[in-house]
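Coordinates in review
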Amino acid sequence: MQSETALPPNRVSLRPCTTLDIPGLMEGLNDWQVAQWLPRVPFPYTEADARAFVASSAQTSPPDAFAIVHQAGGEFAGIVGLARSGAIGELGYWLLPRCQHRGLMSEALRLLIEHHCGSLRSLFATVDPGNTACLALLARSGFHLTGEHIRATANRQGNIVVLGYQKDLG
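Now for a description of the structure that goes with this document.

Structural notes on the overall build of the chain
If you tally the helices and strands in the chain, you get 5 helices and 7 strands. Going residue by residue from the N terminus, the α and β elements of the chain occur as β-α-α-α-β-β-β-α-β-α-β-β. Counting only C-alpha atoms, the chain reaches 55 × 40 × 30 Å along its principal axes. The buried share of the chain, reckoned over its 170 residues, is 42%.

Structure, rendered in structure tokens:
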């Protein structure tokens, strides 16, 4: 008999990024619905950008970015990762539009936090105030608002105001 508090089986898994993810990276990051929210990602996103991303993420141990794989069919769904600075990690994530609004990123974020929980003191994320889906995701995931910041963004060619969020892990 399953207890009422048991978690359902994961619908996603995380794995290191590989060159097999290049088509999915290019599909997602050349879609303005995705790219508009990602300040560090160039737009348009080229195959060279995707190859450099895969190569860079493979150089860290543990990897700093993971492919999110949708268990139903084993398809690439997006990316979740973090940039580490000592015991603090900056969170980054995105899903292909066809994979959004199904709770998959909540699961991916939970897996990432479980994976890094022992090695990090806290996580932070910056979010465009107009990105209501990400604001809701961070709130559901236990992040709290820390304030407003100005952030440079490559894809919008300038600075934008973002909201900072943090989650303590220790």
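Let's pick the thread back up.
A closer look at the pairing of strand β2 (residues 65-70)
Two faces belong to every sheet, and in a regular strand the side chains alternate between them. Most of β2 sits inside the fold, with 6 of its 6 residues counted as buried. Of the two faces of β2, both are covered, the one formed by Ala 65, Ala 67 and Val 69 as well as the one formed by Phe 66, Ile 68 and His 70. Two elements, strand β1 (residues 12-16) and β2, share 5 bridges in a ladder whose sense is antiparallel. If you follow Leu 14 over to β2, its bridge partner there is Ile 68.

As for unusual backbone geometry
Cis peptide bonds are those with omega within 30 degrees of zero, and the linkage from Phe 43 to Pro 44 qualifies with 0°. Topologically, Pro 44 is positioned in the loop between α2 (32-35) and α3 (47-58).

Focus on the packing of helix α1 (residues 22-29) against α3
Close contact between α1 and α3 brings their axes to 9 Å; oriented N to C, the two are set at 120°. By the angle between their directions, the pair α1 and α3 is classed as oblique. Judged by the sense of rotation from one axis to the other, the crossing of α1 with α3 is right-handed. On α3, the residues that touch Ile 22, Leu 25 and Met 26 of α1 are Glu 47, Ala 50, Arg 51, Phe 53 and Val 54.

Things to note about the environment of Trp 37
Looking at where Trp 37 falls in the secondary structure, it is placed in the loop between α2 and α3. C-alpha of Trp 37 to C-alpha of Val 80: the two residues are 43 residues apart in sequence and 14 Å apart in space.

Conventions and cut-offs
- Residues numbered from 1 in each chain as written.
- Predicted model: local features only at pLDDT ≥ 70, side-chain atom pairs only at ≥ 80, totals over all residues.
- Heavy atoms only, no water.
- Helix = DSSP H or I, 4+ residues; strand = E, 2+ residues; numbered from the N terminus.
- Buried < 20%, exposed > 50% of the residue type's maximum accessible area, 1.4 Å probe, protein only.
- Pairing = 2+ DSSP bridges.
- Axes fitted to C-alpha atoms, helices over the stretch in contact; angles between N-to-C directions.
- Parallel < 35°, antiparallel > 145°, perpendicular 65-115°, else oblique.
- Left-handed = near helix turned anticlockwise from the far one by under 90°.
- Contact = heavy atoms within 4.5 Å.

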